[in-house]
Amino acid sequence: MPVISAPYAFNEGDLYVDLESICGHPLYLKCEAFNFAGSIKLKAANEMVENAERDGILKADSVLVESSSGNLGVALSMIAASKGYRFLCVTDSRCNLSTRLLMEALGSEVHIVADQDENGGFLGTRIEYVRSLCASDDRYVWLSQYTNAGNWTAHYRTTAPEIARRFPELDVLFVGAGTTGTLMGCARYFREWHRPVRIVAVDAAGSVAFGGEPGRRMIPGLGMSMRPPLLDESFVDEVIRVEEPDTIRMCHRMARHGFLFGGSTGTVVSGATDWLSRHDAGDLTAVAIAPDLGERYLDTIYQTNWLQDLYGDQVLATEDGNPLPVTGDDDEVLDVRDTAPSKPLPREPKSASRAPARRRSST
Ligand SMILES: Cc1ncc(COP(=O)(O)O)c(C=O)c1O
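Residues numbered from 1 in each chain as written. Predicted model: local features only at pLDDT ≥ 70, side-chain atom pairs only at ≥ 80, totals over all residues.

Per an unreviewed UniProt entry, the recorded name for the protein is 2,3-diaminopropionate biosynthesis protein SbnA, and the organism is Streptomyces fuscichromogenes. Word for word, the UniProt comment on the protein under Cofactor (unreviewed entry) is "pyridoxal 5'-phosphate". For the record of the protein, the UniProt heading Subunit (unreviewed entry) holds the text "Homodimer." (UniProt positions renumbered as here; feature names shortened; annotations may be inferred.)

Chemist: Please give an account of the overall build of the protein that cites residues and values.
Modeler: Of regular secondary structure, the protein possesses 11 helices and 10 strands. Across the 363 residues that make up the protein, the buried fraction comes to 46%. Nonlocal contacts in the protein, meaning residues at least 24 apart in sequence, comprise 70% of its contacts between residues at least 6 apart. (Helix = DSSP H or I, 4+ residues; strand = E, 2+ residues; numbered from the N terminus. Buried ≥ 20, exposed ≤ 12 C-beta atoms within 10 Å, placed from the backbone. Contact = placed C-beta atoms within 7 Å.)

Chemist: Can you tell me about the site of the ligand, naming the residues and giving the values?
Modeler: Asn71, Gly178, Gly221, Ser264 and Pro291 are the nearest of the 19 residues found near the ligand. Listing elements by their share of the shell around the ligand, those giving two or more residues are helix H3 (71–83) and helix H8 (181–191). The biggest single contributor to the shell around the ligand is H8, with 3 residues. Split by residue class, the shell around the ligand holds 5 nonpolar, 12 polar and 2 charged. (Near = placed C-beta within 6 Å. Nonpolar A, V, L, I, M, F, W, Y, C, P; charged D, E, K, R; others polar.)

Chemist: An account of the environment of arginine 166 is needed here, citing residue identities and associated values.
Modeler: Mapped onto the elements, arginine 166 comes out in helix H7 (residues 159–166). Judged by the 14 C-beta atoms lying within 10 Å of it, arginine 166 is partly exposed.

Chemist: Which residues make up the sheet that holds strand S4 (residues 86–92), and what values do they have?
Modeler: Taking strand neighbours across the sheet as the criterion, the 4 strands line up as S5-S4-S3-S6 in an open arrangement whose pairing is parallel. The open sheet has two edge strands with one neighbour each: strand S5 (109–113) and strand S6 (140–142). Neighbouring strand axes in the sheet, compared pairwise and without regard to direction, differ in orientation by 25° on average. Pairing between strand S3 (residues 63–67) and S4: 5 bridges, direction parallel. Across the sheet, the residue bridging to leucine 64 is phenylalanine 87, located in S4. (Pairing = 2+ DSSP bridges. Axes fitted to C-alpha atoms, helices over the stretch in contact; angles between N-to-C directions.)

Chemist: Account for the nonpolar core, naming residues and giving values.
Modeler: Formed by 94 residues in total, the largest nonpolar core has its most connected members in Leu173 and Val175. The element that contributes the greatest number of residues to this core is H3, accounting for 7 residues. Taken domain by domain, this core gets at least three of its residues from each of domain 1 (7–34 + 150–296) and domain 2 (41–142). Residue contacts for valine 175: discarding those within four places in its chain leaves Thr182, Leu183, Cys186, Ile199, Ala201, Val202 and Ile289. (Core = buried A, V, L, I, M, F, W, Y, C linked by C-beta atoms within 7 Å. Domains from an automatic or database assignment.)

Chemist: Residues and numbers for unusual backbone geometry, please.
Modeler: The backbone of serine 144 sits at a positive phi, close to 55°, despite the residue not being glycine. Examined against the element boundaries, serine 144 turns out to sit in the loop between S6 and helix H6 (150–157). Phi is positive for threonine 180, which is not a glycine, with a value near 75°. Inspection of the secondary structure assignment puts threonine 180 in the loop between strand S7 (172–176) and H8. Among the residues examined, threonine 180 registers 28 C-beta atoms within 10 Å and is labelled buried.

Chemist: So what's going on with the sheet that holds strand S8 (residues 198–204)? Which residues, and what values?
Modeler: With respect to topology, 6 strands assemble into an open sheet ordered S1-S2-S10-S7-S8-S9, the strand pairing being mixed. What marks the edges here is a single partner per strand, and that holds for strand S1 (16–18) and strand S9 (238–242). On average, adjacent strands in this sheet sit at an angle of 25° to one another, irrespective of strand direction. With 5 bridges connecting them, S7 and S8 associate as parallel partners. In the strand pairing of S8, valine 172 is matched with arginine 198.

Chemist: If you had to explain the environment of methionine 103 to someone new, which residues and values would you point to?
Modeler: Counting through the fold element by element, methionine 103 comes out in helix H4 (residues 97–105). Its 27 C-beta neighbours within 10 Å are what place methionine 103 among the buried residues. Once the C-alpha coordinates of methionine 103 and alanine 75 are considered, the two residues, 28 residues apart in sequence, prove to be 8.6 Å apart. Beyond its immediate sequence surroundings of up to four residues, methionine 103 is in contact with Gly73, Val74, Ser77, Cys89, Ser108 and Val110.

Shown next, in the form of structure tokens:
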């Protein structure tokens, strides 16, 4: 019976969903959301904060500051609240409302940037904003998940060995790529393992993490609008890119079986399913990593109007032309016969941040 006195002290590292009946291929999904931060980012946050404490970088009057699309921000909010640090999260207008409210409920300050960088993302703007904060006051401490080795060593020490222990015959591992902390930690671990494991990175279409043209991305978690500084492609065997409508369809397919996962899980499972159907996968032992659950996405991925506005009515049409039911305002079922043009503009956050310094949205 685990009994804890600090919220970061518990993480379920040993839960897998067998997705064969949902995906049609043998695929085990490692669930990383069962901790008090609700996501895999607890591991990176813990490691980076502990390293900074050990190195004397964090002091009693320090203010932690970090750029995050949400989940790292929640994890740092929780750790900061528990350890008595102040935390300021710099996020962007793609951050889910519930994620922002969570951070604020934990006592953090949230600043939202809304000016897109030259690659159509917000990362460049967020980093520039963090840099200017740090230049303004030396009490700010930026752990920088994009460059901090603790972001990948956390997974080298925990996530990868957890998988290795349960799947001694592992053949292929599918890992979503954001900062690439999870990817690099697992890839480095399995490079040293007793048998070769194919490391497949799953990226969001429109991300420039592995090169390619930038494009619109509305689902937070995966993808980058710059090359991830932690990424060393020599450890990655293959990269697959998943379009957002495929992510959404996979999220809804899993939800119809009672598994409500977050967007990046939909991306990874969609990419993995496609990969397995293109390979002779019958005898392969395949694992994918699920970074979070779906509750943070109820007003986006699982909301009818949001889906229709961004992707059109067809997004949930099944291959046989029948609509998938989606959760929404009136439990309505999308009618695939009525097609509406998709609108390219993202929705604004529903309420203003209580943060004092806030940049205006250009969208
Ligand atoms: C939901 C979700 N999925 C995937 C990732 C990507 O993980 P990583 O930054 O280790 O590449 C993140 C990172 O914030 C995330 O929040």
